[in-house]
Amino acid sequence: MRFDVFTLFPGIFESPLKESMLKRAIESGLLEVQLHNIRDYAEGRHQVTDDYPYGGGGGMVMKPEPIFTAVEAVLGLEMRNAELGMRNETDSEFRTPHSEFPNSDFPIILLTPQGRPFDQQMAVELAQYDRVALICGRYEGFDERIREHLATDEISIGDYVLTGGELAALVVVDAVIRLKPGVLGDPTGASDDSHASGLLEYPHFTRPPEFRGWRVPEILLSGDHAKVDRWRREQALLRTWRRRPDLLDRAELSELDRAFLRQLVQE
Ligand code: 6GU
C-alpha cells in the first residue's frame, strides 16, 4: 500500500517510519510512504505557502496553489479537474469515502481538526485501498477551496488541536497498515484488537504466575479453553461497560453477552 503525504515538514515522518513495524512493513514492500514537500511546489523566490486571511483576523491560511499543484503533479489529476469540481455537491459533511466518487481511484484526505473523527472502521475502509493521499495542514487552516475541490475526505484524530496534521497522518498510516495481511508478525493479526470486535480488549497476563504477591487469575492457568474464552469475553464486556459504555451500542453482542450485561446492571 502506498501513501503519498503532502507536508511542509517531511522531516517529522523520518524516525517514526524507521522503527519497529512500520520499518519492517517498508522493508518488506508492504508499505511505501512518499513524502512530498508542499514548499517545492510553491512559486516565487520565497516559495510562500501561506497568506493572510481575507476578512482579517489572526493566523495564516495555507494557500491553494501550492497544494493543488503538488497533489495534481504527484497524482496526475490534471485531467480530472471537472470531476473533482463535482465533489462538493454531495450531502456528506466530510464527503465520506468514495462511493460518491466513482471517478476517484483513491481517497485524497485532508488532516484537519474539523474532519470526520477517525476510528477503527475508517481504518478498515482505508485499508481496502492500494493508495491513499494525505494532506497535512499547518497554520490556522486551509483555504476552503482545497476542501471543496481537491480533498475527497477530511479526517480528525480526536477532539484536541495539534500544531499540524503530520502526527495525525502518522496515526492514520499506522492504524491502516497494521490491518494489511503480513504486516503484524502474529498470524491472528489485528482481529483480536481492542475495537476490532467493537469491545475493549480483555486483560492480559504472562509469567510469572505470581509477582510481588499479585497472582494471575486461576482460570487462565486452568487449561480449560472454553472457560478461558468465556472469562475473556466477560472481562472485555465488563471493561467496555465501565470505561466506554458508548461502544456497547454498536458492538456485536450474543444473547449470552446480553445476559451478562443485564446481570452487571442489576448488580
Ligand atoms: Cl488531523 N490536525 C490538527 N492540526 N489537529 C488535530 C487533528 C488534525 N486531529 C485532531 N487534532
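Here, every reference points to the structure presented above.
To keep things clear, this report deals only with the structure shown in the data block. (Residues numbered from 1 in each chain as written. Predicted model: local features only at pLDDT ≥ 70, side-chain atom pairs only at ≥ 80, totals over all residues. Heavy atoms only, no water.)

1. Side note on the overall build of the protein chain
The test is simple: The numbering of helices and of strands both runs from the N terminus, where a helix is a DSSP run of H or I of at least 4 residues and a strand a run of E of at least 2. Only protein chains enter the accessibility calculation, which uses a 1.4 Å probe; a residue is then buried when its area is under 20% of its type maximum, exposed when over 50%, and partly exposed in between. Note on contacts: a residue pair qualifies if any of its non-hydrogen atoms lie within 4.5 Å across the two residues. Per-residue accessibility takes into account occlusion by the displayed protein chains alone, with areas from the Shrake-Rupley method and a 1.4 Å probe.
A count of helical and extended segments in the protein chain gives 10 helices and 10 strands. When its C-alpha atoms are laid out on the principal axes, the protein chain stretches across 70 × 40 × 40 Å. Per-residue burial for the protein chain yields a buried fraction of 41% across its 267 residues. Pairs at least 24 apart in sequence give 71% of the contacts found in the protein chain among residues at least 6 apart. Working note: accessible area of the protein chain is about 15500 Å², and carbon and sulfur atoms make up 50% of it.

2. Examining the pattern of salt bridges
Quick note on the threshold: Counted as salt bridges are all cases of a side-chain nitrogen of Lys or Arg within 4 Å of a carboxyl oxygen of Asp or Glu.
Applying the stated criterion across every chain yields a total of 16 salt bridges. With a closest N to O distance of 2.9 Å, Glu218 and Arg215 form a salt bridge. For Asp246, the salt bridge goes to Arg244, with nearest N and O atoms at 2.9 Å. Bridged by salt links that share partners, the residues Arg2, Asp4, Glu32 and Arg131 form one connected network.

3. Overview of helix H10 (residues 255-266)
In an α-helix there are 3.6 residues to a turn, and that puts residues three or four apart on one side. Short version of the rule: Given a helix with a known number of residues, its expected span is that number minus one, times 1.5 Å. Taken from the helix axis, the directions to the C-beta atoms give the arc we talk about.
With 12 residues, H10 should cover 16 Å at 1.5 Å per step; its first-to-last C-alpha distance of 17 Å lies within 8% of that length. Restricting attention to buried positions, one finds in H10 the residues Asp257, Phe260, Leu261 and Leu264. Relative to the axis of H10, the buried residues are bounded by an arc of 95° and lie together on one face. Turned more than 90 degrees from where H10 packs its buried face, Glu255, Leu256 and Gln266 sit exposed.

4. Re helix H2 (residues 64-75)
With 12 residues, H2 extends 16 Å from end C-alpha to end C-alpha; this agrees with the ideal 16 Å at 1.5 Å per step. Pro64, Pro66, Ile67, Phe68, Ala70, Val71, Glu72, Val74 and Leu75 are the residues of H2 that are buried. After H2 finishes, the residue Gly76 shows a positive phi value of roughly 65°.

5. A word on the site of the ligand
To keep things clear, this is the line we draw: Near, as used in this document, describes a residue that has one of its heavy atoms within 4 Å of the molecule or strand being considered. Here a polar contact is recorded for every N or O atom pair within 3.5 Å, except that within protein the pair must consist of a potential hydrogen donor and a potential acceptor, and residues adjacent in sequence are included only if both atoms are side-chain atoms.
Near the ligand, the surroundings consist of 13 residues, among which Thr112, Ile157, Gly158, Tyr160 and Leu162 are the closest. Within the backbone of Tyr160, one N or O atom sits 2.5 Å away from a nitrogen atom of the ligand. A distance of 3.0 Å separates a nitrogen atom of the ligand from a polar atom in the backbone of Leu162. Within the residue set of the shell around the ligand, elements represented by two or more residues are strand E5 (108-117) and strand E8 (153-156). For the shell around the ligand, the element with the highest residue contribution is E5, accounting for three residues.

6. Focus: the sheet that holds strand E7 (residues 141-142)
Where we set the bar: When DSSP locates at least two bridges between a pair of strands, those strands are taken to pair.
Within the open sheet, the three strands sit side by side as E3-E4-E7. Their pairing is mixed. Of all the strands in the sheet, the pair left with one neighbour each is strand E3 (50-51) and E7. In this sheet, E7 lies alongside strand E4 (residues 61-62) in parallel orientation, the contact comprising two bridges. Across the sheet, residue Val61 finds its bridge partner in E7, namely Gly141.

7. Focus: the sheet that holds strand E2 (residues 32-37)
Put simply, the test is: As a rule, the C-alpha atoms of each element are fitted with a line to give its axis, helices using only the stretch in contact, and angles between N-to-C directions run from 0 to 180 degrees.
Read across the open sheet, the five strands follow the order E2-E1-E6-E5-E8; overall the sheet is parallel. A strand with exactly one partner marks an edge of an open sheet, and here the two such strands are E2 and E8. Between one strand and the next, the sheet's axes are offset by a mean angle of 35°, whatever the strand orientation. Summarising the sheet, strand E1 (residues 2-7) and E2 pair through six bridges and their orientation is parallel. Directly across from Asp4, in E2, lies its bridge partner Gln34. Relative to E1, H2 is tilted by about 160°, and along the sheet it contacts E1, E2, E5 and strand E6 (131-136). Running at roughly 160° to E6, helix H6 (residues 166-177) makes contact with E1, E2, E5, E6 and E8 of the sheet.

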